[in-house]
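# Results of the structural survey
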Amino acid sequence: MSASATLDGALASAINGWLGLDPAARGRLSGLEGRIIALHLRIPELTVMLRVTEGRIAVVHGEDLQPDTVLHGTPLGMLQLGLGSDSAGTLFSGDVEITGDVETGQAFKAILDEMDIDWEEQLSRLTGDIAAHEIGRGIRAAAREGARMRRSSEQILSEYLTEEARLLPHRFEVEDFIADVDTLRDDAERL
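Here the structure is a predicted model, which is why all the values come from computation and not from measurement.

In this section: the overall build of the chain. Along the backbone of the chain there are eight helices and five strands. Tracing the chain from N to C terminus, the helices and strands come up as α-α-β-β-β-β-α-α-β-α-α-α-α. Taken against the 2.2 N^0.38 rule, which gives 16 Å for 191 residues, the C-alpha radius of gyration of the chain at 24 Å runs more than 25% over that of a compact globule. In terms of principal-axis extent, the alpha carbons of the chain reach across some 80 × 50 × 30 Å. Intrachain contacts of the chain at a sequence separation of at least 6 include 54% that bridge at least 24 residues. Put simply, the chain shows about 12,700 Å² of open surface, and 59% of that area lies on carbon and sulfur atoms. For the chain, the distance from the average position of its 18 positive side-chain charges to the average position of its 34 negative side-chain charges is 5 Å.

An α-helical turn contains 3.6 residues, so a residue and the one three or four places further along point in the same direction. For helix 5 (residues 102–113), with twelve residues, the first-to-last C-alpha span of 16 Å sits near the 16 Å given by 1.5 Å per residue. Three or more residues of helix 5 are buried, namely Thr104, Gly105, Phe108, Lys109, Ile111 and Leu112. Each buried residue of helix 5 lies within a common arc of 155 degrees when the element is viewed along its axis, so the set occupies one face. If you check the start of helix 5, you find a side-chain oxygen 3.2 Å away from the backbone N of Glu103, and it comes from Asp101.

Further remarks concern helix 7 (residues 129–164). End to end, helix 7 covers 51 Å across 36 residues, agreeing with the expected 52 Å (1.5 Å per residue, within 8%). When helix 7 is considered as a whole, its buried residues turn out to be Ala132, Gly136 and Thr162. Looking at the buried side of helix 7, the elements it contacts are helix 6 (119–127). Directly after helix 7, the chain includes Arg166, whose backbone phi takes a positive value near 55 degrees.

Where helix 6 meets helix 7, the closest approach of the two axes is 7 Å, and the angle between their N-to-C directions is 135 degrees. As far as their axial angle goes, helix 7 and helix 6 are oblique. Regarding helix 6 and helix 7, the two cross each other, and that crossing is right-handed. When helix 6 is examined against helix 7, the residues Glu120, Leu123, Ser124 and Thr127 are found in contact with a partner set consisting of Asp129, Ala131, Ala132, His133, Ile135, Gly136 and Arg140.

Take the environment of Thr104 next. Of note, Thr104 is situated in helix 5. Sequence-wise, Thr104 and Ser13 are 91 residues apart; in three dimensions their C-alpha atoms are separated by 22 Å. Once residues within four sequence positions are removed from consideration, Thr104 is found in contact with Leu32, Arg35, Ile37, Asp68 and Thr69. Side-chain polar atoms of Thr104 contact the side chain of Arg35, separated by 3.4 Å. At a separation of 2.6 Å, a polar atom in the side chain of Thr104 contacts the side chain of Asp101.

Here we take up the environment of Ala141. Note on placement: Ala141 falls in helix 7. C-alpha of Ala141 to C-alpha of Val48: the two residues are 93 residues apart in sequence and 38 Å apart in space.

Cut-off values and rules
Residues numbered from 1 in each chain as written. Predicted model: local features only at pLDDT ≥ 70, side-chain atom pairs only at ≥ 80, totals over all residues. Heavy atoms only, no water. Helix = DSSP H or I, 4+ residues; strand = E, 2+ residues; numbered from the N terminus. Rg over C-alpha atoms; globule rule 2.2 N^0.38 Å. Contact = heavy atoms within 4.5 Å. Areas by Shrake-Rupley, 256 points an atom, 1.4 Å probe, with all protein chains shown as cover. Lys, Arg positive; Asp, Glu negative; His and termini not counted. Charge placed at Lys NZ, Arg CZ, Asp CG, Glu CD. Expected span 1.5 Å × (residues − 1). Buried < 20%, exposed > 50% of the residue type's maximum accessible area, 1.4 Å probe, protein only. Arc of directions from axis to C-beta. Polar contact = N/O pair within 3.5 Å; in protein donor to acceptor, adjacent residues only side chain to side chain. Axes fitted to C-alpha atoms, helices over the stretch in contact; angles between N-to-C directions. Parallel < 35°, antiparallel > 145°, perpendicular 65-115°, else oblique. Left-handed = near helix turned anticlockwise from the far one by under 90°.

Spelled out as structure tokens, the structure:
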């Protein structure tokens, strides 16, 4: 078996294993049966073509194969898309672009978005139910605290930029400016 075939098999196994963490993913894949989806990484320049067959993903090769859709992006953008973290933002920011059959690309993106992996259940297979629950609870608490700290930091930075450094106008100043522009526009129309 060649190194390329081994790598392809390992990649397909990894993708299918990840998709297998969500029991409903295979059913959603059936809507893409026979479709070829190319993942084009910009850095490093690499294209991988995936074919959906019987609810599974296979890595395919061939000069004559034409993908139905191509997802172009950076490895980080593809990872964000695959993890479902703000995938709409990932697509619209230009980190990932879809070309070809956009409907197929959006269907594939939807499958990734809808991945619902019970990480606590997966962890319980290694550590047991009680430890997995406690670890999950700790991670959720850390995520809540991180979100609270982010909101607090944003507020502090906003106050600093508007009140202390005076680099940004205050909300009331912006509202007054907009009202003055509206008045000037109305006066110009009447004139």
